[in-house]
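Chain by chain, the residues:
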Amino acid sequence: MRVVLGLDIGTSSTKALLARFDGTVIAEVGRRHEVDRPEQGLVEMDSRIWWDEFTTLTRELLERVPDAEVAAVGVSGIGPCVLLTDGAGEPLRPAILYGVDTRTAEMLADVTAELGGEGAIRRRCGSALSTQAAGVKLAWAARHEPDVWARAARFTMPSSRIVERLTGEYVLDHHSASQTTPLYDVHENAWIPEWCERLAPGLEMPRLLWSGDPAGVVTDAAAAATGLPAGIPVTAGTIDAWAEGVSVGESVPGRMFLQYGTTMFMIVPTSEPTAVPGMWTTVGTHPGQPSVSGGMATSGAITDWWRRLVDGDWATMLAEAESSGAGANGLLMLPYFAGERTPIADPDARGVVAGLTVRHTRGDLYRATLEATAFAVRHNVEVLREAGVEVRELVGAGGGLLGRLWPTIVSDVTGLPQTVPSVTIGACYGSAFLAASLVEAVDITTWNPPSTVIEPDPDAYAAYEPGYRDYRELYEATKSVVHRLAERGRRSAPRGPDGGPRGGLLPGGPVGGSVDRSC
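Every chain's residues receive numbers from 1 upward, in the order its sequence appears when written. Selection of residues for local features in this predicted model requires a pLDDT of at least 70, selection of side-chain atom pairs for listing and counting requires 80 or more, and totals for whole chains, interfaces and linings are taken over all residues. With hydrogens and water excluded, all non-hydrogen atoms of the structure serve as input to the side-chain values.

1. Focus on the overall build of the protein
Phase 1: By the criteria applied, helices consist of DSSP H or I runs no shorter than four residues and strands consist of E runs no shorter than two, each listed in order from the N terminus. On a plain count of helices and strands, the protein comes out with 17 helices and 25 strands.
Phase 2: Relative to its length of 519 residues, the protein is compact, with a C-alpha radius of gyration of 22 Å against a globular reference of 24 Å.
Phase 3: When the 519 residues of the protein are sorted by exposure, 62% land in the buried category.
Phase 4: Whether two residues are in contact is decided by their heavy atoms, any of which lying within 4.5 Å being enough. Intrachain contacts of the protein at a sequence separation of at least 6 include 74% that bridge at least 24 residues. Each radius of gyration is computed over the set of C-alpha atoms, and the globule rule expresses the reference value as 2.2 Å times the number of residues to the power 0.38. Exposure categories follow from relative accessible area, calculated using a 1.4 Å probe and restricted to protein chains: below 20% of the type maximum is buried, above 50% is exposed, and the middle band is partly exposed.

2. As for the UniProt feature "domain: Carbohydrate kinase FGGY C-terminal" (unreviewed entry) in the protein
Phase 1: UniProt positions are given in the numbering used here, feature names are shortened, and annotations may be inferred rather than shown by experiment. UniProt records the feature "domain: Carbohydrate kinase FGGY C-terminal" (unreviewed entry) at residues 259-436, using the numbering of this structure.
Phase 2: Helix makes up 37% of residues 259-436 and strand 17%, with an end-to-end C-alpha separation of 22 Å.

3. Section: helix α6 (residues 158-167)
Phase 1: Of all 10 residues in α6, nine are buried, a share of seventy percent or more.
Phase 2: Once α6 ends, the next one or two residues include G168, with phi positive near 80 degrees.

4. Re helix α11 (residues 300-309)
Phase 1: Listed in full, the buried residues belonging to α11 are G300, I302, T303, D304, W306 and R307.
Phase 2: Summarising the contacts, the buried residues of α11 are in contact with β3 (25-32), α12 (314-324), α13 (362-386) and α14 (405-414).

5. Focus on the environment of D457
Phase 1: When you line up the elements, D457 lands in the loop between β25 (450-454) and α17 (458-492).
Phase 2: The spatial distance from the C-alpha of D457 to the C-alpha of L416 is 9.4 Å, given a sequence separation of 41 residues.

6. Let's talk about the pattern of salt bridges
Any two side chains of opposite charge can pair, so long as their charged atoms come close to each other.
Phase 1: Here a salt bridge means any side-chain nitrogen of Lys or Arg lying within 4 Å of a carboxyl oxygen belonging to Asp or Glu. With the rule as written, the count across this model stands at 29 salt bridges.
Phase 2: Between R362 and E320 there is a salt bridge, with the nearest N and O atoms lying 2.7 Å from each other. Of the two residues, R362 sits in helix α13 while E320 sits in helix α12, which places them 42 residues apart along the sequence.
Phase 3: Residue classification places R362 among the partly exposed residues on the basis of a relative accessible area of 27%.
Phase 4: One salt bridge connects K479 with E476, and the closest N-O pair in it is separated by 3.4 Å. Highlighted residues: K479 and E476, both in helix α17, separated by three residues, approximately one helical turn.
Phase 5: The partly exposed category is assigned to K479, whose relative accessible area is 26%.
Phase 6: Connected through salt bridges with shared partners, the residues E44, R93, D101, R103 and E145 form a single ionic network.

Following this line, the structure appears as structure tokens:
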């Protein structure tokens, strides 16, 4: 049976599947893992987890489907991340994660000035610098960890690291590169050599490919490690949100794709690269597919934190949140539990819960969490519209769609209809589709047709309107207080031996988690 393998390395788990060439999923497997937070504002991951889980999950899939003949491999992963490796490809320190890691916050103004100001950067890169910008994280490593940098030869992200291990090719997809701001020109679709050398001196930049391009073929060594056939093609891969977007056919102007995961990500295709204040201008998985994107620093991460804090189970808590009703019985939350990315770009923002009384239940708090993420989506939508970017409908994917309450709240708060596709697995399914595209002509509308459309309830939209206005006001009213709290948290956090941010070389010990989780 000819199949393709799709894999995604997420923030909290790695997921993999086998699919036939008609899009039918044959088997799904997963492993839970955790990121490391060595200090407030620092979020890292031991990159050895990525290959360890890839090999483990691939062999598990092949054992489950012994007659599977894997014809191609597609990969995706969290990003933009920065993993520095030496000339032999060995990691030199834990990988620095995407915008949830805010270590570069104090560098942004200086680097912006160094490159000629925000206007100069926006003209070439489409976006201003933020803690999401992987190029500034490379500069951070060069300037704060000179001993590590002296040994660094290359950098990869989770997807490109797997591609390198499978094929021996040092490549990066154009989309991931477009999030290495300010190193990539979104108009020329190319590295900016002078800025690469200024911020990442001496580093070899990877060869650029589009996400669905073949990066190479599985080597004999990789075949021995994974059980895959040698010689089969491997895609260049991409960042998980864009692979999820591929899985639902999101490349339609005016349609916002929502990734319901540990963090919430948003992508809106545009006809040309468009700069939107507070948002990110990127290129897509294929040529001629620019987009504006945004992301929350937390979403599913908050719901999981709350579930673990009260030792609840998902089904019960969702039922309690549903019975709480719109407005969560007078509770209002700011979901900035790890700072916030778009559109406020505030790494020192913090979570706030307003309106608490002794009458409130865990269902009310859970409902307030879901409503807070929906308010954040609406905030991003309004910023896009103010800049002239049309948003008329939503399409979702990811684990958060397993229950209908969350996407229903999002549609009611935004007033936008939301398509739920037949398959909501997400990034590993999109990666499988890109893999299949290497071998045969396939169509995502055939693979994953719409299942249902959630229409917004006009009465619910009106009921949420006062809460949304209070949400916008609450951030401004509490900003100075939470900034002071964030500073106190930094002063009280553990420090490294040099008094600076703790991080550095890879730790020893076991890697990865061992809990199965399906895609």
